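Descriptive analysis of the structure
Okay, here's what each chain looks like letter by letter:
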Amino acid sequence: MADRFGAALALIHIVEQLVVESVYDAVAPFTLELEQELVGRARDRVLELAAQVGMDSATCYVEIGAPKYGIINVAGEMRADLIVVGSHRRQALAVLLGATSNAVIA
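Residues numbered from 1 in each chain as written. Predicted model: local features only at pLDDT ≥ 70, side-chain atom pairs only at ≥ 80, totals over all residues. Heavy atoms only, no water.

**Details of the environment of Leu18**
By the element assignment, Leu18 lies in the loop between strand E1 (10-15) and helix H1 (30-52). Taking the C-alpha atoms as reference points, Leu18 and Leu34, separated by 16 residues in sequence, lie 8.7 Å from one another. With sequence-adjacent residues up to four places away left out, Leu18 is seen in contact with Thr31, Leu34, Glu35 and Leu38. (Helix = DSSP H or I, 4+ residues; strand = E, 2+ residues; numbered from the N terminus. Contact = heavy atoms within 4.5 Å.)

**Observations concerning the pattern of salt bridges**
A full pass over the atoms with the stated rule returns two salt bridges. Close ionic contact of Arg41 with Glu37 constitutes a salt bridge, the shortest N to O distance being 2.7 Å. One end of the pair is Arg41 and the other is Glu37, both in helix H1 and four residues apart, which spans about a single turn. Put simply, Arg45 and Glu48 hold a salt bridge, and the shortest N to O gap is 2.6 Å. Remark: Glu48 and Arg45 occur in helix H1; sequence separation between them is three residues, near one turn of the helix. Take Arg45: its relative accessible area is 40%, and that puts it in the partly exposed class. Owing to a relative accessible area of 41%, Glu48 belongs among the partly exposed residues under this scheme. (Salt bridge = Lys/Arg side-chain N within 4 Å of Asp/Glu carboxyl O. Buried < 20%, exposed > 50% of the residue type's maximum accessible area, 1.4 Å probe, protein only.)

**Comments concerning the side chain of Glu35**
For Glu35, the position within the fold is in helix H1. Among residues more than four places away in sequence, those in contact with Glu35 are Gln17, Leu18 and Ile64.

**Some points on the environment of Val19**
Mapped onto the elements, Val19 comes out in the loop between E1 and H1. Overall, Val19 belongs to the exposed group, its relative accessible area being 78%. A C-alpha to C-alpha distance of 8.7 Å links Val19 and Thr31, two positions twelve residues apart in sequence.

**Points about the nonpolar core**
Grouped together as the largest cluster of nonpolar side chains are five residues: Val15, Val39, Ala42, Val46 and Val62. If one sorts the elements of this core by residue count, H1 sits on top with three residues. The contact partners of Ala42, leaving out residues within four places of it in the chain, are His13, Val15 and Val62. (Core = buried A, V, L, I, M, F, W, Y, C linked by side-chain atoms within 4.5 Å.)

Structure representation (structure tokens):
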């Protein structure tokens, strides 16, 4: 459908920032490294899924942060006209909008 209307298509995945409890005021040095590994794995998976569903030409964004802000920021940068948000819940039809969806449209 994007081709028909000359639209650009983007896939956005937000990796939630790790919250590590500090022990005796020491922050674990592996946190940044682990976040970057999670982003790399997520990017690989998003690209793999895009290829599986024929969306190879879509631009893929993988960011670290809160999903609602990440989606809004990327959509703003793209000047998006339409945002489609997926759900992790199996009862998606019973709960039409989850917390992230509500935050994005607010």
